[in-house]
Amino acid sequence: IIANKFGNYTGMVRFYMCCLEQLEIKRELVLTCNRTNGKFDPGFDTWNFLDSYLIYLPGSGMFFSPTDILSRVGFPSPEYTGQKGLFIKEVDLGEVKSGIAKMKEIGYQPYTASASNLSAVVNFNADLSETQVNLTNTFTGYGAYYTQPIMNLFSDLRKREFQESLLKNTGEDAKLDKMDMSGYAEGDILKNPFVVNGLLKSPSLLEKAGNKYLFKIGLLIGPQAEMYQESARKTPVEITYTHGYARKIILTVPEGYKISGLESLKMNTTLMEDGQVSAEFTSEYQLKDNTLEVTVLENYRKLLYPIDKFEDYRKVINAAANFNKIVLILEKK
């Protein structure tokens, strides 16, 4: 594999196991399956559940996926976590090596390890014809999993297209004055935050209505899905990985203007299980002098939500969509 710079699926698993052996790092081979297709059932003997490999490092309690280009230690392919697997530990029987197999749980990262955070600093030009937004997106863990590891493989053009598509989430008419991206060097991947920021001008965020201006503050968090359910739910809700969003919006109210509609920024939708928060969408604001600061938190702390909690889960999802629609009013004092 080293000589040819090529290896198939099984070969790459062997390659990583040999590397760990040479480094004298304790390791266990884990066989499991993609839980989005069918969960690993320890009570039913079949080869169907033994179709994918992970490597477990007992010293750190972490896993990784040896054949997934996106994976790094601590972040295996998320579809294989949160269920059981067959752990195989190597044992040395004199001149013979063998393995001892046990069914054990494949752990998953807490929601605090995977974030998609946003910071927006908003200013208006003198005649309120345009909105200027300094936007910073910060991704960690599985929030960065599908982009950060491959960004170095992109051409400059593809990198630019990615940045533009991300930063223009506030509106298609947004014009980017400058863009910057950091945290995607090999040593940063799934260890340090992946950051994309830019300065954009968006006419559609501010709309004139008579002698008032409508500021669509909710659009700053980007498009949000709305969950409808016309018939009774039959299965629990299962998400790919636990995660959170922290958004902060800082807006400077123009001189000579006042802002209203602020009470709509106060939201608190929480899913409780056994006295603990398992999902939430909350938002609050502070207005001091001419500076408005809005803080939005959205977290999903479990992989599985039971059917009897589905309506509460749906309310959390829809709370984000409702925030997306919030409009504030600017008018002269």
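Computed from a predicted structure; not experimentally measured.

(A) Expanded view of the pairing of strand β5 (residues 96-106). Alignment of strand β4 (residues 83-93) against β5, held across 11 bridges, turns out to be antiparallel. Considered in β5, the bridge of Asp92 is made with Lys97. The turn joining β4 and β5, which pair antiparallel and follow one another in sequence, is formed by 2 residues; a positive phi near 75° is taken by Gly94.

(B) Looking closely at the sheet that holds β4. In space, the 5 strands of this open sheet follow the order β3-β2-β1-β4-β5, with antiparallel pairing throughout. Taken across any chain shown, the strands that pair with only one partner, and hence form the sheet edges, are β3 (62-64) and β5. Geometrically, the sheet is characterised by an average inter-axis angle of 30° between neighbouring strands, direction not taken into account. Where strand β2 (residues 52-57) and β3 come together, 3 bridges link them in antiparallel fashion. Within β3, the position partnered with Tyr56 by the bridge is Phe63. Running at roughly 10° to β2, helix α1 (residues 9-22) makes contact with β1 (28-32), β2, β3 and β5 of the sheet.

(C) Spotlight on α1. Helix length check: α1, at 14 residues, gives a terminal C-alpha distance of 20 Å against a target of 20 Å (1.5 Å per residue), a fit within 8%. When we look at burial in α1, the residues that qualify are Gly11, Val13, Met17 and Leu20. Positive backbone phi, approximately 55°, marks Glu24, located one or two places after α1.

(D) Focus on unusual backbone geometry. At Leu190, a position not held by glycine, the phi torsion is positive, near 55°. If you trace the backbone, Leu190 turns up in the loop between β8 (175-182) and β9 (194-201). Accessibility expressed as a relative area gives 9% for Leu190, which makes it buried. Positive phi, close to 55°, is recorded for Asp274, a residue that is not glycine. One can find Asp274 in the loop between β15 (267-273) and β16 (276-288). On the accessibility criterion, Asp274 (80% relative accessible area) is exposed.

(E) Structural detail: the pattern of salt bridges. In the structure shown here, the tally under the stated rule is 17 salt bridges. In this structure, Glu21 and Lys97 form a salt bridge, with 3.0 Å as the shortest nitrogen-oxygen distance. Within this pair, whereas Glu21 is found in helix α1, its partner Lys97 is found in strand β5, the two being separated by 76 residues in sequence. Judged by its relative accessible area of 33%, Glu21 is partly exposed. Among the charged side chains, a network of salt bridges with common partners joins Glu21, Arg27, Glu90 and Lys97.

Quick notes on the rules
Residues numbered from 1 in each chain as written. Predicted model: local features only at pLDDT ≥ 70, side-chain atom pairs only at ≥ 80, totals over all residues. Heavy atoms only, no water. Pairing = 2+ DSSP bridges. Helix = DSSP H or I, 4+ residues; strand = E, 2+ residues; numbered from the N terminus. Axes fitted to C-alpha atoms, helices over the stretch in contact; angles between N-to-C directions. Contact = heavy atoms within 4.5 Å. Expected span 1.5 Å × (residues − 1). Buried < 20%, exposed > 50% of the residue type's maximum accessible area, 1.4 Å probe, protein only. Salt bridge = Lys/Arg side-chain N within 4 Å of Asp/Glu carboxyl O.

By themselves, these observations are geometric and do not establish any function.
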